[in-house]
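# Inside the fold
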Amino acid sequence: MLRVGSKAACMACRNLVSTNMGMRFLVPLQKLHPLSRAIHHRYSANTNPQRYPHRTAARYFTSMSRLPMRPPKPPPGSGGRSYQQKRNFWVARLAARLLKLRYILLGTAVGGGYTAKKTYEEWKELLPDFSEYNWVIPDFVWELSEQIDLEKLAKALPEIEEIAKLLPDLDKIGENFTFLKSLLSTETSGDPPLKATDSSAAATQDAGDKQYKKSSDKEKIDQLQEELLRTQLKYQRMLERLEKENKELRKVVLQKDDKGIHQRKVKKSLIDLYSEVLDILSDYDANYNTQDHLPRVVVVGDQSAGKTSVLEMIAQARIFPRGSGEMMTRSPVKVTLSEGPHHVAMFKDSGREFDLTKEEDLSALRHEIELRMRKSVKEGQTVSSETISLSVKGPGIQRMVLVDLPGVISTVTAGMASDTKETIFSISKAYMQNPNAIILCIQDGSVDAERSIVTDLVSQMDPQGKRTIFVLTKVDLAEKNLASPSRIQQIVEGKLFPMKALGYFAVVTGKGSTGESIDSIKDYEEDFFQNSRLLRDGMLKAHQVTTKNLSLAVSDCFWKMVRESVEQQADVFKASRFNLETEWKNNYPRLRELDRNELYEKAKNEILDEVISLSQVTPQHWEAILQKKLWERVSTHVIENIYLPAAQTMDSGTFNTTIDIKLKQWTDKQLPHKALEVAWETLQEEFARFMAEYKGKDQDDIFDKLKEAVKDESIKRHKWNERAMDSLRVIQHNALEDRSITDKPQWDAAIQFMEETLQSRLKDTDSVIRDMVGPDWKQRWLNWKNRTPDQHIRNETKNELERLLKLHDDHTAYLANDEVTTVRKNLEGRGVEVDPVLIKDTWHQLYRRHFLQKALAHCSLCKRGFYYYQRHFVDSELECNDVVLFWRIQRMLVITANTLRQQLTNTEVRRLEKNVKEVLDDFGEDMEKKTHLITGRRVQLAEDLKKVREIQEKLEAFIEALHKEK
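Source: prediction; values computed, not measured.

## Notes on the state of the cysteines
- Within the structure shown, the criterion is met by one disulfide.
- Linked covalently through their sulfurs, Cys-862 and Cys-880 form a disulfide whose S-S length is 2.0 Å. On the sign convention where negative means left-handed, the S-S torsion of about -100 degrees between Cys-862 and Cys-880 marks this disulfide as left-handed. Residue Cys-862 is found in the loop between helix 31 (836–861) and helix 32 (866–870), and its partner Cys-880 is found in the loop between helix 32 and helix 33 (881–925); the two are separated by 18 residues along the sequence. Both residues of the pair, Cys-862 and Cys-880, count as buried.
- The thiol sulfur of Cys-859 is not disulfide-bonded, and the nearest other cysteine sulfur, from Cys-862, lies at 6.5 Å.
- Overall, the relative accessible area of 0% leaves Cys-859 in the buried class.

Okay, here's the thing in C-alpha cells:
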C-alpha cells in the first residue's frame, strides 16, 4: 500500500502519466487509482488538440502541483466506499502540499520576519530619548532629513546577507519537521492510510520509521536544544553589534556641530540631577532627624569576592585600584553611571576628565582614587566613612548610582586597626538600613558558601529580600572546582542561603588577571556560558547570566525604586524647611540668612578694611609712637651702662671718651636689633588697635574668634626685612657721632629730655629705697605698719651711710674697704649686726639717688650754658657734656623713628596686608577651619536652611524631569 504524500505514490503517478502521454488509456478508468483518474481527467481535458492545439502534454504536467483542492465527482454507483476514498484523497493531497520544500521555506521566512520585527522593536525601545538633543539640529535640517540621512542610514543597517547568516539552518529545520511529522502520524489514531498496490514495501517502510524513531528520539531532542541555544546566542551577538553601531550613531549626533548650530548650555541628564541630590545629602548634617532615604545601589560583599570587578563590568572600565588579596576599598565610593558621547570619568570636586579609552588616563584615575582613599583614612585607622564621589559617562552605560563599600572581613590581620571589622560593619549597615536602598549582594562562587559573612548581614537588613539582588561571581572556577554543580543551581534558586532576594545572577568577571580589558572579559564570559553545561543542562536560565543582563536588571530596579520613593522624600524635606524657617523668624527676625561661607566673606571684607586703615595712619603718629617705645626699650641701657659709668668718673675727658666707646659698641651690636623689634611690635599693636576699634562699631561678635586667628597667623607669617638693618645701623652711628647743637631750642629740648629722664630714674630709686627701709614714721602711725627686722637693719645702715655722704659730698661711686669697716663698727656699737654686702648694696642705691639729685641740679645750671657751649668756653661749673650726650641720644631716636616709619609705611604695612589676604584665602579653602572659627546656633541654622532648600530645589527639578521622561 502506498502512503498518501509519500515518494512512492508520487513516482507511481508520474510513471502512469508518462506511459500514456499522447495515446488513450488501455485500462478502464474504474480500475485506476483515484489519484490517477483525477490526473487522467485533467490531462485529457487540457490536452485536447481540438480545444487547445497550442498546448503540449509536457507543459501541463508542470501544472500538477496546482491540482484543485476539491476532489472530482464520484462516478455513479460508487456508494459510501467511494466517498471515503475521496475524503482520504483530499487529506493526502493537503499533506503532500504542506510538506513541499517551498512551504517550509515560506513558513520559515514568515517566522524569521516576525522574529526580526520583534527584535527591532526591542532594540528600538533600548534607544535613549534624544528629545533633549533636538536643539543640536536646526529646524531646516529636520525638514531635509529624509534627503540627507537616507543613504547614511542605509549604510548603517546590516546587509541582508549578514542577517541571512544569522537565520536558522533551513535544511536542518526541514529534517526536524519531517521527524516531528512522523512522530505525529504514528501517535495519531486518525484516518487509515490509503492502500497501495505494493503492500510489502509499505510495511517495510513503517518498520524502518519505527526503528528510526526509537533510536534517535533522544539525540533529536538534544540537537534541538543545542540549536535553540546556538540561535539565541547568534541573535545576542547581532543585538550587541547593532548596539555598537547605535553607540557610534549617538556619538555622531551628540558631537554634531554644523554651521548654524548655536552653542547652548546642555541640560543636565536625569541621573546627574539625582546624583547632585545625593552629593548634597552626603554632606548634610541632619540635626532635625531628616534621614536620607533616597535610593542608591549599595554593593556589599566579602573581601575579594569580586565586588569591584562587577562594578567595573557595569561601568565598562577598569577604574578601581586592584591588589592581590589585600584590602583596596578603604572608603565608600559613589559611582554615578550615565550615558554620554565619550567614555570619561570625573570626580565631583575636580574639573579634570579621565579618558577611559586611554590606558594612561585609567592608570592616573586608579592612582587618584587610591590617594583619595588613603587621605580620607585618619591616622590609626584602616577604613573611613568619608565618601568619594565619582561619575562615569559613556555610550550604552545603564543609568544608576552605585556605592562600592569596603569588603566585609571575618578577622583583623596585622597592620589593621583593632576596630576595623566593626567599622566596616557599621558603614555597611548605615547604607543598607536605608529602606529604599537596593542591596547588590556579591558572593564568591569559588569558595564554600558556608564561609560567607555578608549573606547573614544582608538577611538582617532585608529579611524579606524585597530590595536585594544576589550575584554569584567566579562561576567558571565554581564549575571547575565543585564536584556537584547542583550547588550552583541551589544558590541561584535561593535554596542554599537563608537570605531572600528579588533576583539571582551568575557572572564571570575574567580570569583573574589585572591586565585584562573589559572587552576580553566580556568575550570570555560569553564563551564560558555558551559552552557551560550549567546553561545547557538547564541549571541556569539565559536571563540569569552575564553582567549585561545584571546591569539591565539593576538599572530597572533602581529606577523603579526611585519613582516610588522620590516624591515622598521631597515632602519630608519640604516639612523640614518649614520648621527651620519658622525657627529663624522667631529668633533672628532682623537678620539675613547668611550661611558660613557668606559670613566668612563678610568677615573677610571687614578685616581687609581694618588692614587698609593702617596705611591711613599719619607719619607724626608713627614717629611719636616709635620714638617713645624705642626710648622705653633702650633707656635702661643708656642710663645704667653708658651715662652713669661715664658721669661718675668726674672727669670731662674721660667722660667723653667713655661715652664714645660705649655708644659705638651699642650701635654695632644691640641698637639696630632693638629698633627693629620696636617697629615690629608697634605694627602689631596698631593692627590690633584698629581691629579692636572696628569691633566696637556695631560689628558682629560672631567674627571675634576668626579675627583673632587671622591676626595671630598673619603676624606669625610676617618677617621683617632684615636687609634694612645694615642701613639703619649706619644711620644710627652717624646720628650719635654728631655733637654740634646748632640752636637754643635744640639745647633746651635736650635739657628737658635729660631732666625728664633723670627725674624718672630718681623716682624709681626712691621707690627702691623705700622698699628697702620700710614705712616711715608717718605711715607707721597712720597706716599701722611696722618694719621688718631686715628693714630695720637697712634703715640703720641707710642713716649711717647718709652721714658719710654729708661729710663727703664729692664721694666716688664705690666705698672703700676701710669705710665699710667703719660703718659696720658704728652699727655694731648701736647693737646692729650687719653684713658688708648689705652695706655695699644700700650704698649703691643711696649714692645713685645722691648722684641723680646732683645731676638734676647741674642740669638746671646748664639751661644758661648754651652761650658758653657755642663759643667753646671752658668753665668747669658750666661744662655740660651730659646735655650733649642726651641731645645725641634724642637726635638718634628722632632719626631712627623717621627711618622706621618710612620702612613701615612703604614696605611692611603692604607686606602685612598681603599676609592677611593669604591667610584669609587659606582659611577660606579650609572648610574645617571655617567651621571651627565661625560657630553658633545662628550659623548652623543658616547652614541647615541653605542645604534643605538646595536639596528640595534639586529634588523638584529631578521630579519634573522624571515626569517628562515618563
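## Looking at the packing of aromatic side chains
- Scanning the model with the defined rule gives 15 aromatic pairs in all.
- For the pair Phe-753 and Phe-886, a centre-to-centre distance of 5.9 Å together with 70 degrees between the ring planes defines the contact as edge-to-face. Note that Phe-753 is positioned in helix 27 (residues 744–773) and Phe-886 in helix 33, a separation of 133 residues in sequence. The residues Phe-753 and Phe-886 share a single accessibility class, namely buried.
- Over the face of the ring belonging to Phe-347 we find Arg-372, whose NZ or CZ atom lies 4.0 Å from the ring centre.
- Stacked on the ring of Phe-690, the Lys or Arg Arg-689 has its end atom at 4.6 Å from the ring centre.

## A closer look at the nonpolar core
- Core analysis: the largest hydrophobic core is formed by 97 residues, its most contacted members being Tyr-643, Trp-666, Trp-747, Ile-889 and Val-916.
- The dominant element in this core, judged by the number of residues it contributes, is helix 33, at 17 residues.
- For Trp-666, the contacting residues outside a window of four places in its chain are Val-634, His-637, Val-638, Ile-642, Leu-671, Leu-736, Ile-889 and Met-892.
- If you look at the next biggest cluster of nonpolar residues, it comprises 59 residues, including Ile-319, Phe-347, Leu-440 and Val-562.

## Quick notes on the side chain of Glu-796
- For Glu-796, the location among the structural elements is in helix 29 (residues 789–807).
- Excluding residues that lie within four positions of it along the chain, Glu-796 makes contacts with Leu-827, Arg-830 and Val-832.

## Concerning the confidence of the model for the protein
- When pLDDT is averaged across the protein, the result is 76; 72% of the residues are at 70 or more.
- Looking across the protein, the model is least confident in helix 3 (residues 57–61), with a mean pLDDT of 39, and most confident in strand 1 (residues 297–301), with 92.
- Throughout residues 77–83 the model reports pLDDT below 50, and contacts reaching past four residues in sequence, or to other chains, amount to one contact.
- Ignoring residues within four places in sequence, the model shows residues 183–204, a span with pLDDT below 50, making 23 contacts including any to other chains.

## Observations concerning the environment of Ser-652
- Mapping Ser-652 onto the fold places it in helix 23 (residues 652–669).
- Through-space distance from the C-alpha of Ser-652 to that of Cys-880 is 9.3 Å; in sequence the pair is 228 residues apart.
- Discounting chain neighbours no more than four positions away, the residues touching Ser-652 are Glu-879 and Asn-881.

## Examining the packing of helix 14 (residues 420–432) against helix 15 (residues 454–461)
- Remark: helix 14 packs on helix 15, axes separated minimally by 10 Å, with the N-to-C direction vectors making an angle of 40 degrees. As judged from the angle between their axes, helix 14 and helix 15 are oblique. As for the relative orientation of helix 14 and helix 15, their crossing is right-handed in sense. The residues of helix 15 that touch helix 14, namely those facing Phe-425, Ser-428, Lys-429 and Met-432, are Leu-457, Val-458, Gln-460 and Met-461.
- Considering only residue class, the contact of helix 14 with helix 15 consists of five nonpolar, two polar and one charged.

## Some remarks on the pattern of salt bridges
- Applying the stated rule across the entire model yields 48 salt bridges.
- As a salt-bridge pair, Lys-495 and Glu-493 come within 3.2 Å of each other at their nearest N and O atoms.
- Put simply, Arg-577 and Glu-581 hold a salt bridge, and the shortest N to O gap is 3.0 Å. Taken together, the positions of Arg-577 and Glu-581, both in helix 20 (residues 547–587) and four residues apart, correspond to about one turn of that helix.
- Overall, the relative accessible area of 19% leaves Glu-581 in the buried class.
- Several salt bridges share partner residues, and in doing so they unite Arg-577, Glu-581, Glu-593 and Arg-949 into one network.

What counts, and at which threshold
Within every chain, residues take consecutive numbers counted from 1 along the sequence as written. Under the rules for a predicted model, residues below a pLDDT of 70 receive no local features and side-chain atom pairs below 80 are neither given nor counted, while totals for whole chains, interfaces and linings still include all residues. Hydrogens and waters are ignored; side-chain quantities use all the structure's heavy atoms. What counts as a disulfide here is a pair of cysteine sulfur atoms lying within 2.5 Å. Numbering of helices and strands runs from the N terminus, with a helix taken as a DSSP run of H or I at least four residues long and a strand as a DSSP run of E at least two residues long. Residue burial is assigned from relative accessible area. The probe radius is 1.4 Å, only protein chains are included, and a residue is buried under 20% of its type maximum, exposed over 50%, and partly exposed in between. Stacked, tilted and edge-to-face are the three classes assigned to paired rings of Phe, Tyr and Trp, where Trp is represented by its six-membered ring and a pair needs centres within 6.5 Å; plane angles under 30 degrees give stacked, over 60 edge-to-face, the rest tilted. A positively charged side chain is recorded as over a ring if its NZ (Lys) or CZ (Arg) lies within 6 Å of the ring centre. The angle to the ring normal must also be within 35 degrees. As used in this record, nonpolar core signifies buried Ala, Val, Leu, Ile, Met, Phe, Trp, Tyr and Cys residues forming a set joined through side-chain atoms within 4.5 Å. Residue contacts are counted whenever heavy atoms from the two residues lie within 4.5 Å of one another. A residue's pLDDT is the confidence the predictor assigns to it, expressed on a 0 to 100 scale. Between the N-to-C directions of two axes lies an angle of 0 to 180 degrees, each axis being a line fitted to C-alpha atoms and, for a helix, fitted only over the stretch in contact. Relative orientations are named as follows: roughly parallel for angles under 35 degrees, roughly antiparallel for angles over 145 degrees, roughly perpendicular for angles from 65 to 115 degrees, and oblique for any other angle. Two helices crossing with the near one rotated counterclockwise from the far one by less than a right angle form a left-handed crossing, whereas a clockwise rotation gives a right-handed crossing. Throughout, the ten residues Ala, Val, Leu, Ile, Met, Phe, Trp, Tyr, Cys and Pro are labelled nonpolar, Asp, Glu, Lys and Arg are labelled charged, and all others, Gly among them, are labelled polar. We define a salt bridge as a side-chain nitrogen of Lys or Arg found within 4 Å of a carboxyl oxygen belonging to Asp or Glu.

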